[in-house]
Amino acid sequence: MRKRIIGIAAIAASAVVLAGCGSGGGGGGTGGDIDFTAEPTGALSAWGFENADDVGQSRLDYAAEQLSDVEVDLDATAFDAQKFTTRIASGDVPDVVQMDRRYVTQYAAQDLIIPLDACFEAQDVTPDDYWYPFVVDDVRYEDGIWAVPQFYQPPAIILNKRVMDAAGVTNEEIDTSNPDALLGAVEKMYQESGGVPSVLGFDPVSTGQAALWILGQGGQLIDGDGAPTLDDPSNIAGIELLKQINDAQGGYAAVKSFTDSFDTFGDNNQYVADQVGAQVNAQWYPNVLSPYVDQIQIEAVPFKDSEGNPFSVSGGTAFVIPAGAENPAAACAWMVELTSEDAWEAAGAARAETRAEDGGINTGLFTGSPGPDESIREQYVTESGNAGFDQTISTYYDVLEYGQSFGSSPAGQDIQNELNNAVTAALLGDKTPEEALADAQQAAMRAYENATAG
């Protein structure tokens, strides 16, 4: 989840060239001539599950048990966009590929993957009922659903109660819907030495969570057709709030330099070292903090939109079937088995066994599906003996239902990249928010037009 996906720059140009490659044996990009009701048998080529942990391996084992007549050849390496298009061009087409959901619509628009509505029908799955609807929206394009999603780990704000208590700051003041209160809390907690930050009152993770801030403040990044809307005036409010938060702590350059020095995954992380009063973090981060539960004092509050409601932006990975796949019926069955309630039940049991062995705190699994999420929580997420840590886990569960899709676009990754470029330029003061967003819109629109040219 922490790895940066590479090869983005090559997608738009490659996809236009490769659009014709996607119309071979797998149904011409439509999936209409594939019999997904056929018995799943034979060899299945899959690409995904890099460094599978207990959760991943247990689901692979479960799917293998259910599909005993399918022999899976798994390429367990990281997804690479350039490698994907190269494999399609060469005819080396996997039956299943796991990728970030931001890629899905980009490939759907180019006919490089096939829609899965008929797959879901054959497997008796209703996507909007089984997964959170906003998770499905990530992979919905032109009234079709193009991938089997997995995982949705919402962001929230993890509080460092030691820093907050020392500064006299309450949980209620860490409120992203109340900028005055939030900035006041930031100023009370912020410390510096020689002009260099030593304690951040609040780390908003400005570029990593840019979409969260902009959409939370009422912005819109993608329209209903998938076209970028980065220069929409409603996007300015989120950037301006981010700039206020950073400027109150020495400016974005100083904040970024300081946060880059954090031992985020180590023994001297920012909560152990009291380097932050509060920080936006995805749901997986409490797992990182779990070994240090006796050295930290944390709680959490939801990220809130401008109206004061809990707010989250969905994200995660998904499985797709490339156009030209040789065994799409088995691919469909395998993807559905991997994400079934029983598969997640196996994963929940495996994670519980791991936690029993290592003595860690079970923070639950956030699967992208409300049924498995709640079932795993009820069975395995018990009181840890640390009230603050338990309250943090509970907060992430509380915000699950408040998600919103980033938006589905043939230029999704390019839009994200250009958004981050715009936010960085605005926070550094190199451009006004209006100028930065206008430039980003031009670049994102070029990518969108290239992606839809075929």
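Computed from a predicted model, the values in this text were never measured in an experiment.

S.K.: Sorry, what's going on with the environment of D53 here?
M.R.: Relative to the assigned elements, D53 resides in the loop between β1 (42–47) and α2 (54–66). Residue D53 is classed as partly exposed on the basis of its relative accessible area, which comes to 39%. For D53, the side chain forms a polar contact with the side chain of R351, separated by 3.4 Å.

S.K.: What is the right way to look at the sheet that holds strand β3 (residues 96–100) in this model?
M.R.: In a beta sheet, neighbouring strands pair by backbone hydrogen bonds and run either parallel or antiparallel. On the basis of which strands lie adjacent, the open sheet formed by 5 strands has the order β2-β1-β3-β13-β6 and mixed pairing. One side of each edge strand has no neighbouring strand; the edge strands of this open sheet are β2 (70–75) and β6 (148–150). Put simply, the sheet's adjacent strands are angled 25° from each other on average, direction ignored. This element, helix α3 (residues 81–90), spans β1, β2 and β3 of the sheet and lies at about 145° to β1.

S.K.: I would appreciate a short explanation of the packing of aromatic side chains in the present structure.
M.R.: The description of an aromatic ring pair uses the distance of the two centres, along with the angle that the planes make with each other. Inspection of the entire model under this criterion finds 23 aromatic pairs. For the ring pair F84 and Y107, a centre distance of 4.7 Å and an interplane angle of 55° mean the geometry is tilted. One end of the pair, F84, is in helix α3; the other, Y107, is in helix α4 (residues 101–109), and 23 residues separate them in sequence. Measuring from centroid to centroid gives 5.1 Å for F134 and Y152, while their planes differ by 75°, and the two rings are edge-to-face. Of this pair, F134 sits in helix α7 (residues 133–137) while Y152 is found in the loop between β6 and β7 (155–160), placing the two residues 18 residues apart along the sequence. The class of F134 is buried, set by a relative accessible area of 10%. For Y152, a relative accessible area of 0% translates into the label buried. Linked through ring pairs, W47, F79, F84, Y103 and Y107 together constitute an aromatic cluster. Across the ring face of W344, the terminal group of R59 is positioned such that the distance to the ring centre comes to 4.0 Å.

S.K.: What exactly am I supposed to notice about the pairing of β2 here?
M.R.: Consecutive residues of a regular strand have side chains that alternate between opposite faces of the sheet. Pairing of β1 with β2 involves 6 bridges; the strand directions are parallel. From the neighbouring strand, L44 faces β2, where its bridge partner is V72. Between β1 and its parallel partner β2, the chain crosses via α2, and the hand of that crossover is right-handed.

S.K.: Help me understand the nonpolar core in this model?
M.R.: Nonpolar side chains tend to gather and get buried jointly when the protein is soluble and globular. Ranked by internal contacts, the top residues of the largest apolar core, which has 58 residues, are F79, F84, M99, V104, Y107, I321 and W334. Core analysis: the second largest hydrophobic core is formed by 50 residues, V163, M164, F202 and I214 among them.

S.K.: How should the confidence of the model for the protein chain be read in this particular structure?
M.R.: Close inspection of predicted coordinates is inappropriate in any region flagged by low pLDDT. On average, the protein chain scores 92 in pLDDT, and the residues at 70 or more come to 93%. When the criterion is pLDDT under 50, residues 1–29 qualifies, and its contacts beyond four places in sequence or with other chains add up to 63 contacts.

S.K.: Can you walk me through the sheet that holds strand β10 (residues 278–282) in this structure?
M.R.: Strand order in the open sheet made by the 3 strands is β10-β7-β11, with antiparallel pairing throughout. Edge strands, defined here as strands with exactly one partner in the open sheet, are β10 and β11 (298–301). Sheet twist, expressed as the mean angle between neighbouring strand axes with direction ignored, is 35°. Alignment of β7 against β11, held across 4 bridges, turns out to be antiparallel. Along β11, the bridge assignment pairs N160 with I298. Across the face of the sheet, helix α17 (residues 387–398) comes into contact with β7, β10 and β11 while running at roughly 25° to β11.

S.K.: How do you make sense of the environment of I236 when you look at a structure like this?
M.R.: Among the secondary structure elements, I236 is positioned in helix α11 (residues 236–247). As for I236 and P433, which are separated by 197 residues in sequence, their C-alpha atoms are 6.2 Å apart.

S.K.: Please explain the packing of α11 against helix α18 (residues 412–428) as it appears in this structure.
M.R.: Helix packing geometry: the angle between the two helix axes and the distance between the axes. It is the contact of α11 with α18, at a shortest axis distance of 10 Å, that shows an interaxial angle of 45°. Considering their axes alone, α11 and α18 lie oblique with respect to each other. Here α11 runs over α18; the crossing is right-handed. On α18, the residues touching I239, L242, K243 and N246 of α11 are V423, A426 and L427. For the contact of α11 with α18, the per-class residue count stands at 5 nonpolar, 1 polar and 1 charged.

S.K.: Can you walk me through the pairing of β1 in this structure?
M.R.: Alignment of β1 against β3, held across 2 bridges, turns out to be parallel. Residue W47 lies in a different strand from β3, and its bridge partner there is V97.

S.K.: Help me out: how do you make sense of α11 in this one?
M.R.: Helical periodicity: at 3.6 residues per turn, an α-helix aligns residues three or four positions apart in one direction. Compared with the 16 Å implied by 1.5 Å per residue over 12 residues, the 16 Å span of α11 between its first and last C-alpha is a close match. When α11 is considered as a whole, its buried residues turn out to be I236, G238, I239, L241, L242, I245 and N246. If you follow the buried residues of α11, they end up packed against α9 (179–189), α10 (210–216), α12 (252–260), α18 and α19 (433–451).

What counts and what doesn't
- Residues numbered from 1 in each chain as written.
- Predicted model: local features only at pLDDT ≥ 70, side-chain atom pairs only at ≥ 80, totals over all residues.
- Heavy atoms only, no water.
- Helix = DSSP H or I, 4+ residues; strand = E, 2+ residues; numbered from the N terminus.
- Buried < 20%, exposed > 50% of the residue type's maximum accessible area, 1.4 Å probe, protein only.
- Polar contact = N/O pair within 3.5 Å; in protein donor to acceptor, adjacent residues only side chain to side chain.
- Pairing = 2+ DSSP bridges.
- Axes fitted to C-alpha atoms, helices over the stretch in contact; angles between N-to-C directions.
- Contact = heavy atoms within 4.5 Å.
- Phe/Tyr/Trp six-rings, centres within 6.5 Å; stacked < 30°, edge-to-face > 60°.
- Lys NZ or Arg CZ within 6 Å of the ring centre and 35° of its normal.
- Right-handed = clockwise from strand over helix to strand, strands pointing away.
- Core = buried A, V, L, I, M, F, W, Y, C linked by side-chain atoms within 4.5 Å.
- pLDDT = per-residue confidence, 0-100.
- Parallel < 35°, antiparallel > 145°, perpendicular 65-115°, else oblique.
- Left-handed = near helix turned anticlockwise from the far one by under 90°.
- Nonpolar A, V, L, I, M, F, W, Y, C, P; charged D, E, K, R; others polar.
- Expected span 1.5 Å × (residues − 1).

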